[in-house]
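The lines below spell out each chain.
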Amino acid sequence: MTRKQLVTRTKIAKMAGQNKRHFLNRDARHLQKPLGDIAGLTKLGFHLIEVPIGSALCAFHRHICEEECIYILEGTGTARIVDTVLQVEAGNFIAYPVGGEAHDLRNTGSSILKCIIVGQRLDFGIVDYPEQARRLCRANGKKGDLVDMAMIVPRQYSLANK
């Protein structure tokens, strides 16, 4: 084990974190401590997150290729999964399986919502943003391309006679 693999609680407490705002939802902002990145993980994202009162964590989205999960450490909020809004609080775990439904998380409480977010980092990812009718396609860790979902033409596959 190298020292990089161990991120101590003292180091975590001293970290300033990164202020993030989602590019498709100006109301979505949070403070992020990317512990997985710091420890050298490349195939798994592991983040400590603080969502301010009244803010969303991200834009409403769904992952086509990757799994994601959230564990609430402190605070309360709402997790929206498609048309269902669920109340969440410290100790709750939310799983978003591959190809799952669109979701987001919002701090509706009276204090900062703290959580851990864990997600796969495959070489290729597709994220749909249904409220904006956009699809993000990325490969090899690049930011990716954002396309209008109306411009996506599904391919018609058929088995031709030989």
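Refer to the preceding data block for the structure.
A. Representation of the nonpolar core in the model. Counting 15 residues, the largest nonpolar core has Leu57, Ile70, Ile72, Ile94, Leu105 and Cys115 as the members making the most contacts within it. At the level of elements, β3 (44-51), β5 (68-74), β6 (76-81), β8 (93-96) and β10 (113-120) are the ones that each hand at least two residues to this core. Ranked by the residues each element gives to this core, the list is headed by β10, at three residues. Core analysis: the second largest hydrophobic core is formed by five residues, Val7, Ile12, Met15 and Leu35 among them.

B. View of unusual backbone geometry. At Val82, a position not held by glycine, the phi torsion is positive, near 55 degrees. By the element assignment, Val82 lies in the loop between β6 and β7 (84-89). Look at Val82 and you get partly exposed, because its relative accessible area is 32%.

C. Expanded view of the sheet that holds strand β12 (residues 134-139). Across the sheet, which stays open at both edges, the four strands sit in the order β4-β11-β12-β13 with antiparallel pairing between neighbours. Two strands lie at the open edges of the sheet, namely β4 (62-63) and β13 (145-148), each paired on one side alone.

D. Summary view of the side chain of His22. Locating His22 in the fold gives a position in strand β1 (residues 18-22). On the accessibility criterion, His22 (16% relative accessible area) is buried. A distance of 3.0 Å separates a polar side-chain atom of His22 from the backbone nitrogen of Leu24.

E. Molecular detail of a nonpolar patch on the surface. On the surface, Tyr71, Leu73 and Phe93 cluster together to form a nonpolar patch covering roughly 300 Å² of accessible area. Its place among the elements puts Leu73 in strand β5.

F. Quick look at the sheet that holds β7. Spatially, the three strands line up as an open sheet ordered β7-β6-β9, and their pairing is antiparallel. At either end of the open sheet lies a strand with only one pairing partner, and these are β7 and β9 (103-106). Ignoring which end each strand starts from, the neighbouring axes of this sheet average 20 degrees apart.

G. Structural detail: the side chain of Ser55. Looking at the element boundaries, Ser55 is found in the loop between β3 and β4. Only 3.5 Å separates the side chain of Ser55 from the side chain of Arg29, close enough to count as a polar contact. Filtering out sequence-adjacent residues up to four positions away, Ser55 remains in contact with Asp27, Arg29, Leu105, Arg106 and Asn107.

The rules we used
- Residues numbered from 1 in each chain as written.
- Predicted model: local features only at pLDDT ≥ 70, side-chain atom pairs only at ≥ 80, totals over all residues.
- Heavy atoms only, no water.
- Core = buried A, V, L, I, M, F, W, Y, C linked by side-chain atoms within 4.5 Å.
- Buried < 20%, exposed > 50% of the residue type's maximum accessible area, 1.4 Å probe, protein only.
- Helix = DSSP H or I, 4+ residues; strand = E, 2+ residues; numbered from the N terminus.
- Pairing = 2+ DSSP bridges.
- Polar contact = N/O pair within 3.5 Å; in protein donor to acceptor, adjacent residues only side chain to side chain.
- Patch = residues over 30% accessible without salt bridge, like charges linked within 9 Å, V, L, I, M, F, W, Y side chains within 5 Å.
- Areas by Shrake-Rupley, 256 points an atom, 1.4 Å probe, with all protein chains shown as cover.
- Salt bridge = Lys/Arg side-chain N within 4 Å of Asp/Glu carboxyl O.
- Axes fitted to C-alpha atoms, helices over the stretch in contact; angles between N-to-C directions.
- Contact = heavy atoms within 4.5 Å.

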